[in-house]
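# Topology and contacts: notes
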There are 2 protein chains.
Amino acid sequence: MQDVAREAGVSPSTVSRALHTRGYASPEVRERVQAAAQRLGYVPNHMARNLRSRTSTAIGVLISDLRNPFYADLAAGIEEVLRFEGHQMILVNDNGDPEEEMHAAETLLAMQVAGVIVTPVAAACPKMLQDNGIHVVSADRQLGRGGDAVLSDNKAGARELTEHLLGLGHERIGLLIDETKWSTGAGRLAGFRAAYEDAGLELDEDLIVFTSFDAEAAKQTTRELLDEQHVTAILSANNVLAQGALAELKRRRLRIPNKISLAAYDDVPWMSLVQPAITTVDQHTVDLGRSSAQLLLARIRDELPARRRIVRVAPRLVVRGSTGPAPRN
Amino acid sequence: MQDVAREAGVSPSTVSRALHTRGYASPEVRERVQAAAQRLGYVPNHMARNLRSRTSTAIGVLISDLRNPFYADLAAGIEEVLRFEGHQMILVNDNGDPEEEMHAAETLLAMQVAGVIVTPVAAACPKMLQDNGIHVVSADRQLGRGGDAVLSDNKAGARELTEHLLGLGHERIGLLIDETKWSTGAGRLAGFRAAYEDAGLELDEDLIVFTSFDAEAAKQTTRELLDEQHVTAILSANNVLAQGALAELKRRRLRIPNKISLAAYDDVPWMSLVQPAITTVDQHTVDLGRSSAQLLLARIRDELPARRRIVRVAPRLVVRGSTGPAPRN
DNA sequence: CTGTTAGCGCTTTCAC
DNA sequence: GTGAAAGCGCTAACAG
């Protein structure tokens, strides 16, 4: 910076002002400084800048699994907005593990990030960050009561998807679900129940089957579901479980949708590539990411009222070939 | 840090040494300091640390498209190693645009990252970073001659895939490809040619069809390929183009593999979900990412001889149901 | 509008 | 093995 100042014949502080601040520098000087900086290939040091100004443009993003297209899309949406707004994304995979999550949060804290977007695993993580004065936006799910969040309306989406199946005459729909601790799973289960209730049908609790979070477990659980319950349709609570369900249906060569219907929450690309294409609920995942980033930046810039803000993104039912009229026996 | 020093009854410099350096602090003092830090919830400030020590643990990762599972897997592999080794990943999507890429590189430079892993779009980007003393590893493709790189053996993979098709009796294989400027596309094309040559068959140049990088364009190009060339098999140069090719084959209700075979470079999850599952070349993408990170860290730690290191990851042919004997007319 | 001064929080000489 | 002092590169406060 000294060099640039000398080259432009001004003081270091003027260089700083000319390069970054708006105002407080005459246009003529500003131009001269910028030319000098260009000529010398000067790149300002973010570290020093952040240290002195006690601000940072880096944003931490904490997600569970980048290889799951849901999280990849979420991260892509976040990154798009951050980049456009001149921020940087520090991305950490926590593998859904509370300890990894907390450890990552501490690192982000040490890095003095301006804010964090997290798909929380444990409530302790957003809380710790907030207690340390870091802005936090929970994306996709919500834990504890504090803080801003961007959420999909899981209940409405699951209700709509279930109504679609009920409308086709299915009464025994197996719900394949991995967790209901979080607002996502809980919401989807609630929507499933609500649709049955609205239809005036009693829901057999045995139709709700819990499985682990990976496709292989879902395949096994689907097997049990088919063996033990007489279902005419399967509703998978997310894209990963749907892989397992579909694999088992294909293994048994059950014709879809003639013999059995399959619907899945969370639209991802492969669902329109398989034959028949899968009926799903599109969560607008990239938008979910964009909104999370926008909300966080608005909070950082202090453009929002103090009380917490919850942004809800409406999901959309996408009917494709995998769901059809319930077979009559 | 002052507070911790006071709490532990030592000087700030001792706190620094006790917390981070190995040696230069008595075990007894070290323990006392750590206890004090714990009690006060002290989190050291990375910015100040990096500024003073002129080192940073942040690593920049520059990729083209996070929503493409190839890049997502690459990033996941990189992140896994970086996190394990106590580094942070700053992830930037450059959308395959040289200007975005260069802009991102400048930001990373300003952030004083310890190194950058890039799937380069233009040779200028790695060069600029290297000129500024930043360690660079090119992942997946190579541009210009400088620098370390982790590459898949595209030629071998494409050759093996083509040999597989030739072995099934296909002689007119349409190669659907988007670019050959980069080492990836060039290598795959070279492998395709080599297989024909090894088989002693003359390659009709019209079988090589160029398309844009998105699935929709690939669909249209596949249409032209089917209309204008008599092909019994299609080989798609990557996972995205394969989506377009498959969509068009399905639209025409061409039976796979009876009527036409489809093979694709770059195995991604949907390829084993569709019916029939797609024959592919698995690039071990996550490993590619892991190796890139390991190579970069080794370079940063100065564990490598000065001359550049190229790591090659061997791809693997995965034969599935989408390829079968060529139909006889 | 611009220069001077001080100092962000930490690590690293250099004495002791 | 430990403390005191200096300073990383920059920006904010203050004069002018």
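Everything in this summary refers to the structure shown in the same document. (Residues numbered from 1 in each chain as written. Chains lettered and ligands numbered in written order. Predicted model: local features only at pLDDT ≥ 70, side-chain atom pairs only at ≥ 80, totals over all residues. Heavy atoms only, no water.)

## Topic: the overall build of chain A
Looking only at helices and strands, one finds twelve helices and twelve strands in chain A. Over its C-alpha trace chain A gives a radius of gyration of 25 Å, far above what one expects of a compact globule, namely 20 Å for 329 residues. Counting only residues that meet the buried cut, chain A has 54% of its 329 residues in that class. Within chain A, contacts between residues separated by at least 24 positions form 67% of all contacts whose residues are at least 6 apart in sequence. Of the accessible surface of chain A, which amounts to about 14600 Å², a share of 47% is contributed by carbon and sulfur atoms. Put simply, chain A has 38 plus and 42 minus side-chain charges, and the middle of one group is 5 Å from the middle of the other. (Helix = DSSP H or I, 4+ residues; strand = E, 2+ residues; numbered from the N terminus. Rg over C-alpha atoms; globule rule 2.2 N^0.38 Å. Buried < 20%, exposed > 50% of the residue type's maximum accessible area, 1.4 Å probe, protein only. Contact = heavy atoms within 4.5 Å. Areas by Shrake-Rupley, 256 points an atom, 1.4 Å probe, with all protein chains shown as cover. Lys, Arg positive; Asp, Glu negative; His and termini not counted. Charge placed at Lys NZ, Arg CZ, Asp CG, Glu CD.)

## Description of the relation of the copies chain A and chain B
Between chain A and chain B, the superposition needs a rotation of 180° and an axial shift of 0.0 Å, giving an RMSD of 0.1 Å. Both copies are brought into coincidence by an operation consistent with a two-fold rotation axis. Interface overlap between copies is the fraction of interface residues in one copy that are interface residues in the other; for chain A against chain B it reaches 100%, indicating a shared surface. (Least-squares fit on C-alpha atoms with pLDDT ≥ 70 in both.)

## Some words on the pattern of salt bridges
This model, assessed by the stated rule, comprises 42 salt bridges over all chains. Linking Arg290(B) and Glu80(B) is a salt bridge whose minimum nitrogen-to-oxygen distance equals 2.9 Å. With Arg290(B) in helix H12 (residues 285-300) and Glu80(B) in helix H5 (residues 69-84), this pair connects stretches of sequence that are 210 residues apart. Between Glu248(B) and Arg223(B) there is a salt bridge, with its nearest N and O atoms 3.1 Å apart. Remark: Arg223(B) occurs in helix H10 (residues 215-228) and Glu248(B) occurs in helix H11 (residues 239-251); sequence separation between them is 25 residues. Glu248(B) gets classed as buried once you look at its relative accessible area, which sits at 0%. You can call Arg223(B) partly exposed: its relative accessible area is 25%. One network of salt bridges, with partners in common, ties together Arg223(A), Asp227(A), Glu248(A), Arg251(A) and Arg252(A). (Salt bridge = Lys/Arg side-chain N within 4 Å of Asp/Glu carboxyl O.)

## Some thoughts on unusual backbone geometry
Of the consecutive residues Ile256(A) and Pro257(A), the connecting peptide bond is found in the cis state with omega at 5°. Inspection of the secondary structure assignment puts Pro257(A) in the loop between helix H11 (239-251) and strand E9 (261-265). Residue Gln275(B) is joined to Pro276(B) through a cis peptide bond whose omega torsion reads -5°. Residue position: Pro276(B) is located in the loop between strand E9 (261-265) and strand E10 (279-282). Non-glycine residue Asn95(A) carries a positive phi angle of around 55°. Here Asn95(A) lies in the loop between strand E2 (88-93) and helix H6 (98-110). Overall, the relative accessible area of 46% leaves Asn95(A) in the partly exposed class. One non-glycine residue, Asp140(A), lies in the positive phi region at around 75°.

## So, the protein's contact with DNA strand C
Around DNA strand C sit 24 residues in total, of which Ser13(A), Thr14(A), Arg52(A), Arg54(A) and Arg49(B) are the nearest. Expressed as a percentage, the sugar and phosphate content of the atoms of DNA strand C within 4 Å of the protein is 60%. Contact distances for DNA strand C include 2.9 Å between a base nitrogen and a side-chain N or O atom of Arg17(A). At a separation of 3.0 Å, a phosphate oxygen of DNA strand C approaches a polar backbone atom of Asn45(B). Counting residues per element, the ones that place at least two in the surface near DNA strand C are helix H2 (12-19) and helix H4 (46-53) of chain A together with helix H2 (12-19) and helix H4 (46-53) of chain B. Per-element accounting of the surface near DNA strand C gives the leading share, four residues, to H4(B). The residue makeup of the surface near DNA strand C, split by class, is nine nonpolar, nine polar and six charged. (Near = heavy atom within 4 Å. Polar contact = N/O pair within 3.5 Å; in protein donor to acceptor, adjacent residues only side chain to side chain. Nonpolar A, V, L, I, M, F, W, Y, C, P; charged D, E, K, R; others polar.)

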